[in-house]
Amino acid sequence: MIDLVLIGLTRFLVGAHCRWTGSAPEERQRIYFANHASHLDTLLLWSALPKHLRAITHPAAAADYWGQGAVKRYIAQKGLNAVLVDRSGSSAPGTALEPLRQVLAEGHSLILFPEGTRSANRLPGPFKSGLYRLAKEFPDAELIPVYLDNPARAMPKGALLPLPIICSAHFGLALARVENEEKEAFLLRAQAAVSALAPPAPEALTS
Amino acid sequence: MTLFQKSLILFGIVVVILALASAIGAWLSRRVTSEGGLATVENLNARIKAWWGMIAIFAACYALGFTATVLLFALTSFYTLREFISLTPTQRADHAPLVFAFYVLLPLQYWLVWSDWYGLFAILIPVYGFLLLPSLSSLQGDPENFLSRVSHIQWAVMLTVYRISHAPALILLQIPGYEGQGFLLLFFLTAVVQFSDVMQYVFGKLMGKTKLAPVISPSKTVEGLVGGGLSAMALGAALWSITPFSPLAAAAMAGLIVIAGFLGGLSLSAVKRSMGAKDWGTMVEGHGGVLDRMDSVSFAAPLFFHLTRYFYTV
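Residues numbered from 1 in each chain as written. Chains lettered and ligands numbered in written order. Predicted model: local features only at pLDDT ≥ 70, side-chain atom pairs only at ≥ 80, totals over all residues. Heavy atoms only, no water.

Asks: Just checking my understanding: could you explain empty space enclosed by the protein for this structure?
Replies: Over the atoms, a rolled probe matching the size of one water molecule traces out where space is still vacant. Residue and element names in this part refer to chain B. Throughout the structure, instances matching the rule amount to 1 cavity of 30 Å³ or more. Within this model, the largest cavity holds a volume of roughly 30 Å³. The wall of the largest cavity is formed by Val192, Val193, Ser196, Asp197, Gln200, Ile257, Val258, Gly261, Phe262 and Ser296. Those elements that place two or more of their residues in the lining of the largest cavity are α8 (182–207) and α10 (247–275). Top element by residues in the lining of the largest cavity is α8. It accounts for 5 residues. (1 Å grid on protein atoms, 1.4 Å probe; cavity = no way out; pocket = protein on both sides within 12 Å on 5 of 7 lines; lining within 4 Å. Points joined across faces, edges and corners; volume = space filled by probe spheres on them. Helix = DSSP H or I, 4+ residues; strand = E, 2+ residues; numbered from the N terminus.)

Asks: What's the story with the packing of helix α4 (residues 95–114) of chain B against helix α5 (residues 118–138) of chain B in this structure? I'm lost.
Replies: Geometry of a packed helix pair, given as the angle between the helix axes and the separation of the axes. All names here are of chain B. For the pair α4 and α5, the least separation of the axes is 11 Å and the interaxial angle reads 170°. On the basis of their axis angle, the class for α4 and α5 is roughly antiparallel. In contact with Ala96, Pro97, Phe100, Ala101, Leu105, Leu108, Gln109, Leu112 and Val113 of α4, α5 contributes Leu120, Phe121, Leu124, Ile125, Gly129, Leu132, Leu133, Leu136 and Ser137. Here the residues of the contact of α4 with α5 sort into 15 nonpolar, 3 polar and no charged. (Axes fitted to C-alpha atoms, helices over the stretch in contact; angles between N-to-C directions. Parallel < 35°, antiparallel > 145°, perpendicular 65-115°, else oblique. Contact = heavy atoms within 4.5 Å. Nonpolar A, V, L, I, M, F, W, Y, C, P; charged D, E, K, R; others polar.)

Asks: Is there a simple way to explain the pattern of salt bridges in this structure?
Replies: Side-chain pairs of opposite charge can arise where the charged atoms are in close proximity. All names here are of chain A. Summed over all chains, the structure comprises 9 salt bridges over all chains. The partner of Arg30 in a salt bridge is Glu142, and the shortest N-O contact between them spans 2.8 Å. Residue Arg30 is found in strand β2 (residues 30–34), and its partner Glu142 is found in strand β6 (residues 142–149); the two are separated by 112 residues along the sequence. The pair formed by Arg30 and Glu142 is uniform in burial state, with each residue classed as buried. Measuring nitrogen to oxygen at the nearest pair gives 2.5 Å for the salt bridge that ties Arg101 to Glu137. (Salt bridge = Lys/Arg side-chain N within 4 Å of Asp/Glu carboxyl O. Buried < 20%, exposed > 50% of the residue type's maximum accessible area, 1.4 Å probe, protein only.)

Asks: Got a minute to help me understand the confidence of the model for chain B in this structure?
Replies: Parts of the prediction with low pLDDT should not have their coordinates interpreted in detail. Residues and elements named next belong to chain B. Here chain B shows a mean pLDDT of 92. Residues at 70 or above account for 99%. When pLDDT is averaged over each helix and strand of chain B, the minimum, 84, is found for helix α2 (residues 35–64) and the maximum, 97, for α4. Interface confidence for the predicted complex, expressed as ipTM, amounts to 0.88; the pTM equals 0.91. (pLDDT = per-residue confidence, 0-100.)

Asks: So what exactly am I meant to see when it comes to α2(B) here?
Replies: Think of an α-helix as 3.6 residues a turn; residues three or four steps apart then line up on the same face. Residue and element names in this part refer to chain B. Its 30 residues place the ends of α2 44 Å apart at the C-alpha level, agreeing with the 44 Å of an ideal helix rising 1.5 Å per residue. For α2, every residue scored as buried is listed here: Gly37, Val41, Ala46, Ile48, Ala50, Trp51, Ile55, Phe58, Cys61 and Tyr62. Among the structural elements, α1 (3–31), α3 (66–87), α8 and α11 (290–312) are those in contact with the buried residues of α2. Sitting at the amino-terminal end of α2 is Ser34, which places a side-chain oxygen 3.2 Å from the backbone nitrogen of Gly37. (Expected span 1.5 Å × (residues − 1). Polar contact = N/O pair within 3.5 Å; in protein donor to acceptor, adjacent residues only side chain to side chain.)

Asks: Is there a simple way to think about the sheet that holds β6(A) in this case?
Replies: Each strand in a sheet pairs with another by means of backbone hydrogen bonds, the pair being arranged parallel or else antiparallel. Residue and element names in this part refer to chain A. Pairing is mixed across the open sheet formed by 7 strands, whose spatial order is β1-β7-β6-β2-β5-β3-β4. At either end of the open sheet lies a strand with only one pairing partner, and these are β1 (17–20) and β4 (83–85). Taking the axes of each pair of neighbouring strands and ignoring which way they run, one obtains an average angle of 25° across the sheet. Both β2 and β6 contribute to a ladder of 5 bridges, which runs parallel. For Ala34, the partnering residue across the bridge sits in β6 and is Val146. Each of β1, β2, β3 (57–62), β5 (109–112), β6 and β7 (168–171) touches helix α2 (residues 41–48); the most contacted strand, β6, lies at about 115° to it. (Pairing = 2+ DSSP bridges.)

Here's what the structure looks like:
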């Protein structure tokens, strides 16, 4: 119920159109990884997925934002099926990924924002290594790059209210698996796969 | 005839015309074989299908009453403003004025229509909106492209909120001898605008040769405008009995609506062209976005409202 309200509201405000350009909405284990520019991102990607995929997909949500306060925690856990992740860095190395491993071990899919934090740019910044580790530990999961277009305009950093601006999620071709690939090379390739899905930049408003 | 009987007959006629169009569309899709022809017929059928949806929404609003009609147009303004702002670039500092436009100006303007407060309805956006929108922009402390950013937001609000809100406001005009029939004026405006759009398209496809604005809108032709305009004027004259106008005045009103609607389509095509886009969105299949259907209404509604108000109200 609450998820339908959230999705309805998200679609009413920002459209949340989905464009499957390289992959199809198939029911198989996947790690969706996307650029991160706005608090709307999780809701947007979630609302863009069809129902049968939402049932088996869990967004990784920052515990310091979505875990704050009863309302946000309720929305994250009941509405979005989210897994809360501690990104403070205070836990022992590797343990922050533990809740994500559990989801993948059950055969479910994940939504990750590998930049770790919101960036103000159109194209994603450097990726953190979590995606690399999870990809290595779960070689059967498909790695789907996703570019989220416009959420930073609808709800930029520091804004209190989202604006009704049409946003879309572009799902690309699954990232190829390369044997014995170095971490840096893999992360750069993943980052480039997301950037490649970005529509051309709108012309700057010049007088 | 009561208002209800008149409306029933009008909707009946529209349904017959659409049914005829659907039948022709179905017949064409079986007959046409060339690739280009098929694409045109497919687009035509999608348009007709969307027309059924639009007339159903319009009829439902009429049945539900004035409040539902105002809400429908408020929603139309919301979607057209969303399409306009989505397609045209904005910056971080535009967030605050846009929040004000979407969440304050838009609902307030339609509340003023609903509560029949003409004095404030007519000046809310030009006086108070245009005072506060640039102020909110300047308070963000970002002077980059300031003039174009402010003009951009103000024109967006003018087009999609202020101008479109004049369509439901027609219902409230107090015309002696025409009390309580304002909905028929809205019907007249909508029918003339949309019929003119359709006939311009048809005449343009059939005999269009002389391009009117080859750079801005290559599909607009002199033949389309003249044929579509004359057909819409004929429709306007034929509808005179549901209006407070004489047949001649009804044709003249229809003519002015056509010209304003044509200029609206042209101006908004110029905006689309400058953004490198063909349509405003994808919401209405075959038609593009909501603004693709509302561009002519946006220009024609205030003109029709004020001419009727000046010449026919006391």
